[in-house]
Amino acid sequence: MEADIARLVQQGVSDLERRRRSLELEIEKLERRRDRIEAEMKTTFAGASQDLAVRVQGFKEYLVGSLQDLATAAEQLEMRPPEPVPQREVAGRGRPTPPPPTPEPEASPQVEFAQSRFQQQGDRIRSLLDQYRLRPDYYGPIWQLRRTFEPIHAERVANWFFNQGGRGALKSLSSRLQNALVSSAIISILYTLYGDRLRVLMLANTPERLGEWRRGFQDCLGVSRGDFGTGRGITLFESPEPLAQRAERLVADNLLPLIIVDESEGKISLSLLQFPLWLAFAPDPANPPLDGYEYY
């Protein structure tokens, strides 16, 4: 009897051990499945929600800024009828004579930036690059770079100034905010050299991308919403035609336009290449866009 009882107890214990091991394996499988589902939810739902929130916020900021710019421009319009042109009569004939021709205003001098021009200012530009990289000032004055500046950023900025003479394309970095950092360093240097004559014209083909650039400039240069818009420091454009027209007026007013083109622009209008300063971000050759990067 004792032997039979001992054998039954041993069998029961073995069965319980097998069931315990089986349950532990099932629990491990369920835990792995739970972790996998949580990871998928974080990467899919949370990522999509965050991306959607960023796009909506960018569009909101762009729309609000555009409406403010439109309201400001409307307030500045002068609704006055044209004044009549006085006419003079020739003595003894009673016939009006046309007014004397008005002398044409002298054309504003065109600012031409050759490679040698920036070579002459090389010491000042290199000094500013070293300052941004080694002694960043996160609370500096407006239009001065306020963010950490790495050697890879300094290399691209120096290449644009000294090798391209202020007119050329740079390979895009890993994100639009990184491109905004490089652009902000160039803007900061040009503002140091030329002051209030500098005007930045930004081209990107969607409001969301323009919203990202706006936030990048605000973060890197300390500018506010009041610095964006027609007649101010930075103007945003979705198409090249109005940008080129604006740049022509700035040059005529003896101001200095800097044109920046987002990498999403698959083609660059030739009308933009006539101006003295332009910077285009070209897609990384390792991941080229489907339609290439062309001029038209």
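Quick caveat: nothing in here was measured; it's all calculated off a predicted structure.

Definitions and cut-offs
Residues numbered from 1 in each chain as written. Predicted model: local features only at pLDDT ≥ 70, side-chain atom pairs only at ≥ 80, totals over all residues. Heavy atoms only, no water. Pairing = 2+ DSSP bridges. Helix = DSSP H or I, 4+ residues; strand = E, 2+ residues; numbered from the N terminus. Axes fitted to C-alpha atoms, helices over the stretch in contact; angles between N-to-C directions. Contact = heavy atoms within 4.5 Å. Core = buried A, V, L, I, M, F, W, Y, C linked by side-chain atoms within 4.5 Å. Buried < 20%, exposed > 50% of the residue type's maximum accessible area, 1.4 Å probe, protein only. Salt bridge = Lys/Arg side-chain N within 4 Å of Asp/Glu carboxyl O.

> Report on the sheet that holds strand β3 (residues 167-171), specifying residues and quantitative values.
Sheet architecture is open: five strands sit in the order β3-β8-β6-β4-β5, paired in parallel fashion. The strands lining the two open edges of the sheet, one partner per strand, are β3 and β5 (234-237). The mean inter-strand angle of the sheet, taken between neighbouring strand axes irrespective of direction, is 20°. Here β3 pairs with strand β8 (residues 277-282) via five bridges, running parallel. Bridging from a neighbouring strand, Ala 169 pairs with Ala 280 of β8. Contacts from helix α7 (residues 240-252) reach β4 (198-203), β5 and β6 (256-261), with the element oriented near 170° to β4.

> Give a detailed account of the nonpolar core, specifying residues and quantitative values.
Formed by 43 residues in total, the largest nonpolar core has its most connected members in Phe 161, Leu 190 and Phe 217. Contributions of two or more residues to this core are made by α3 (122-134), α4 (151-163), α5 (176-194), β4, α6 (207-221), β5, β6 and β8. The element that contributes the greatest number of residues to this core is α5, accounting for nine residues. With 16 residues, the next largest nonpolar core counts Ala 244, Ile 268, Leu 272 and Phe 275 among its residues.

> Quick rundown of the pattern of salt bridges? Include the residues and the values.
Using the criterion set out here, one finds nine salt bridges in the structure. For the salt bridge of Glu 24 with Arg 20, the shortest nitrogen-to-oxygen distance reads 2.8 Å. With Glu 24 and Arg 20 both in helix α1 (residues 2-76), this residue pair falls four residues apart, about one helical turn. Overall, the relative accessible area of 37% leaves Glu 24 in the partly exposed class. Residue Arg 20 is classed as partly exposed on the basis of its relative accessible area, which comes to 40%. Asp 35 is the partner of Arg 34 in a salt bridge, and the nearest nitrogen-oxygen pair spans 3.2 Å. Residue classification places Asp 35 among the partly exposed positions, given a relative accessible area of 40%. One salt-bridge network, in which partners are shared between bridges, spans Glu 17, Arg 20 and Glu 24.

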